[in-house]
Amino acid sequence: MRYPKLLIPIFVTAALAIQASVVAGESKNDSSGSSLWLDYRALTPDLQKEWSESAQRIYCPGTSEILLNARNELKTAIEGFVESRVIISKSSDGEGMIMLGTLAQLKELMPKNLVDTANALKDVGYLMESVIHEGKKNTFIVSKNEAGVLYGTFHFIRLMQTGTPANPLRITSEPAVQMRMLNHWDNLNGSIERGYGGRSLWKWDELPDQTDPRYREYARFCASIGINGVVLNNVNADPRILRPDYLEKVAVLAREFRAWGIRTYLSANFAAPMHPSDTPDRMKHWGGIGNLDTADPLDPAVQEWWKKKATEIYRLIPDFGGFLVKADSEGMVGPRVYERTHLEGANMLADALAPHGGTLIWRAFVYGSSEDRALDAYLEFKPYDGEFRDNVFIQVKNGPLDFQPREPFTPLFGSMPQTHLALELQVAKEYLGHATTLAFLGSKWSEILGSDTYAKGSGSTVAKVIDGSLYGQKKTCIAGVANTGDGDEWCGSVFNQANWYAYGRLAWNPRLSADEIAEEWIKMTFECDLPTSMVIKSMMMGSYDAYVNYTMPLGLNFLVAMSDHYKPLPESRKKYHKADEGGIGFDRTSRGSNYVGQYHPELRDIFDDPAKTPLNYLLWFHHLPWNTKLSTERTLWEELVFRYDRGVSDVDEMAETWKTLEGKIAPDRHASVMSKLIQEKQFARMWRDKCINYFSEFAKPEEASSGD
Ligand code: BDP
């Protein structure tokens, strides 16, 4: 299904709201990928019968946009699933009804125990339960908060869609993390930094007068997986986004998103207060938008500029979320230019936002002065633990270098007990084969979230840092760099849609397993039988390891070409892999850069010893001779070759497996995945051959295989 390029004047969008969600529901049996996981196909006759008894009518007393969206979505979904009409009831009297609303709206109709359960829910938590009350059996979807009702509704839809039996129904759910954000790296000219799903969804030239139907669809997809915050623009921020004309455009998007429980944020350029001609050389692309000759965070005029800017924004967007800031890395101006610290920079902006309830998210992706860049974030931020304002988050990438295919977790997690830390993941596959590969990132993220920091003894996982439970923090945040674009499939391929989905699901509940998420997503996305969905799941579950193996096994990283972050170019990345005749790998032990010293002692001791370091991280921590004998009984060289070959054969197998599914899923979808897998087979060979050839120059395979 292609999205018609309708240009709808802004004043009629609200009137079209109800109709739009019906249109979305008409994507039944859609195999183009444009309805993502919200494809409301008919259920099996058995399930249809079961559900239609308990879902004939909807009673929803609320009239807000969020609640109307929830109600209409539910109606569209059920009608698709059970293939019969669902009535929107004006009266709460009756049976077989779904009662949808806030606790305040529904408590008179609920049995006492249900009211108690709902009262105990935090934040946007919700309950979903079928009960017999005063002789009538109805289903309640209730939250204290309107957005919670929306999330409960999508959960209910998911249950139906994934073939869950209607009875018994008794569920409560609360998000583990409060701010579940998508960070768009979208530029004002419509391009997307590291975007592989098309051009930007935001049509800056058309806004604010015209709006695109995709804004609403996008927000709906986000809401369906619990995303509640969106940063619209690239962290390499063009300062113009803060100009009054752009803010009016932003206000229109914010209005669209608000109706789906989403707050809007902006990336802010630290040098924005400056006059264009006064901005430092390092600010390559843009001038500032102010009249000052400095962006020094301690200068009162700069502070005043940001305060006024915040007031201006909140006048237009009362629920504006706040700013995301990239400073002092990759040419972006930051406090260091003025010999100030990240603490001073972040707190200054936080103070400007605080009177309006805004949040300042400051990225820890900074360059310091270390020889080993992996050391920088910890060195720059750890000393200020406890000194950041209460409305500041430090947003930390999962890996200390970047979003490499596999890195150990950044040691700031577990080292800043008195700071709000946000975890930044990359949904876009910058270093994982863009839109070509199948690589399912749920596996990668579960690995990160499950990593033990040992901050408070064993079991102190990254997930517990992020959800605030390790240190009892009240404010929590997670961010994913978005993989969306305006292409038909939204994310460049159907399997990349799974990554958007998995990110949202993990943001809600970081303890979900990648396996569970994959299974859910497959059932919601593909129209296929159970054995077929199990085959697809097995492909997904092996896809991430396959990618790591054929590109950067054993903890290698940054072997990609600088130009595209896609093809292999190990000869240009010697400073990361350090291959020479003596061996390969980066020595980050106590004998090397001593990066290991940033971890808690239990982990430091493991990573300091090559015999104890998990093979997946071996060369991330150690420089070892080629003939080192490993726990697998192979030498390092043999293991490297083994893993490269293994990656290639796993992709071959995925392609063979997919072939066997011909006829079991929609032909166009089968064909499009097949063509991607054929590309991935070639891509995997290119990586393996290039890397093995290159490393064999140093390894001298005959000697390296002999071991001692
Ligand atoms: C790097 C990307 C670059 C981003 C940067 C960041 O290559 O495009 O701007 O991360 O996170 O990995 O700021």
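Residues numbered from 1 in each chain as written. Predicted model: local features only at pLDDT ≥ 70, side-chain atom pairs only at ≥ 80, totals over all residues. Heavy atoms only, no water.

(A) Broad picture of the sheet that holds strand β15 (residues 421-426). If you walk around this closed barrel you meet the eight strands as β8-β10-β11-β12-β13-β14-β15-β16, and the pairing is parallel. Ignoring which end each strand starts from, the neighbouring axes of this sheet average 25 degrees apart. In this structure, strand β8 (residues 179-183) lies alongside strand β16 (residues 477-481), joined through five bridges in parallel fashion. Bridge pairing in β16 places N183 opposite V481. Sitting on the sheet, helix α10 (residues 342-353) is in contact with β12 (322-325), β13 (359-363) and β14 (392-397), with an inclination near 160 degrees to β13. (Pairing = 2+ DSSP bridges. Helix = DSSP H or I, 4+ residues; strand = E, 2+ residues; numbered from the N terminus. Axes fitted to C-alpha atoms, helices over the stretch in contact; angles between N-to-C directions. Contact = heavy atoms within 4.5 Å.)

(B) Spatial organisation of unusual backbone geometry. Following N167, the chain continues to P168 via a peptide bond in cis, the omega torsion being -10 degrees. Mapped onto the secondary structure, P168 falls in the loop between α6 (146-161) and β7 (170-173). Between L207 and P208 the backbone carries a cis peptide bond, its omega angle lying at 0 degrees. Inspection of the secondary structure assignment puts P208 in the loop between β8 and β9 (210-211). A positive phi angle is found at E330, which is not glycine, with a value near 50 degrees. Tracing the sequence through the fold places E330 in the loop between β12 and α10. Even without glycine at this site, K578 takes up a positive phi of about 55 degrees. In this structure, K578 sits in the loop between α17 (574-577) and α18 (601-607). With relative accessibility at 36%, the residue K578 sits in the partly exposed group. (Buried < 20%, exposed > 50% of the residue type's maximum accessible area, 1.4 Å probe, protein only.)

(C) Inspection of the domain arrangement of the protein chain at higher detail. Each assigned domain of the protein chain is listed here: domain 1 (33-173), domain 2 (179-526) and domain 3 (545-586 + 623-699). Using C-alpha coordinates to define each centre, domain 1 is positioned 47 Å away from domain 3. (Domains from an automatic or database assignment.)

(D) How the structure looks around the sheet that holds strand β2 (residues 57-59). If you trace the six strands from one edge of the open sheet to the other, you get β3-β2-β4-β6-β5-β7, paired in mixed fashion. Both outer strands of the open sheet, β3 (87-89) and β7, are each paired with one neighbouring strand and no more. If you compare each strand with its neighbour and ignore which way they point, the axes differ by 25 degrees on average. Contacts from α6 reach β4 (97-102), β5 (126-133), β6 (136-143) and β7 within the one sheet, and its direction differs from that of β5 by about 70 degrees.

(E) Geometry of the packing of helix α14 (residues 494-508) against helix α15 (residues 514-525). With their axes 10 Å apart at the nearest point, α14 and α15 run at an angle of 125 degrees to one another. Classified by the interaxial angle, the pair formed by α14 and α15 is oblique. Judged by the sense of rotation from one axis to the other, the crossing of α14 with α15 is right-handed. Here V494, F495, Q497, A498, Y501, A502, R505 and L506 of α14 come into contact with α15, specifically with I517, E520, W521, M524 and T525. Tallied by class, residues from the contact of α14 with α15 come to nine nonpolar, two polar and two charged. (Parallel < 35°, antiparallel > 145°, perpendicular 65-115°, else oblique. Left-handed = near helix turned anticlockwise from the far one by under 90°. Nonpolar A, V, L, I, M, F, W, Y, C, P; charged D, E, K, R; others polar.)

(F) Quick peek at the packing of aromatic side chains. Per the counting criterion, the structure on display carries 48 aromatic pairs. In this structure, R214 is placed above the aromatic ring of W490, and the distance from its NZ or CZ to the ring centre is 4.0 Å. Here the basic side chain of K578 rests over the ring of F586, its NZ or CZ set 4.7 Å away from the ring centre. (Phe/Tyr/Trp six-rings, centres within 6.5 Å; stacked < 30°, edge-to-face > 60°. Lys NZ or Arg CZ within 6 Å of the ring centre and 35° of its normal.)

(G) Highlighting the pattern of salt bridges. In the structure shown here, the tally under the stated rule is 44 salt bridges. D351 serves as the salt-bridge partner of R389, at 2.7 Å between the closest nitrogen and oxygen. Separated by 38 residues along the polypeptide, R389 in the loop between α11 (376-381) and β14 and D351 in helix α10 bring together distant segments of the chain. For R389, a relative accessible area of 35% translates into the label partly exposed. For D351, a relative accessible area of 30% gives the class partly exposed. (Salt bridge = Lys/Arg side-chain N within 4 Å of Asp/Glu carboxyl O.)

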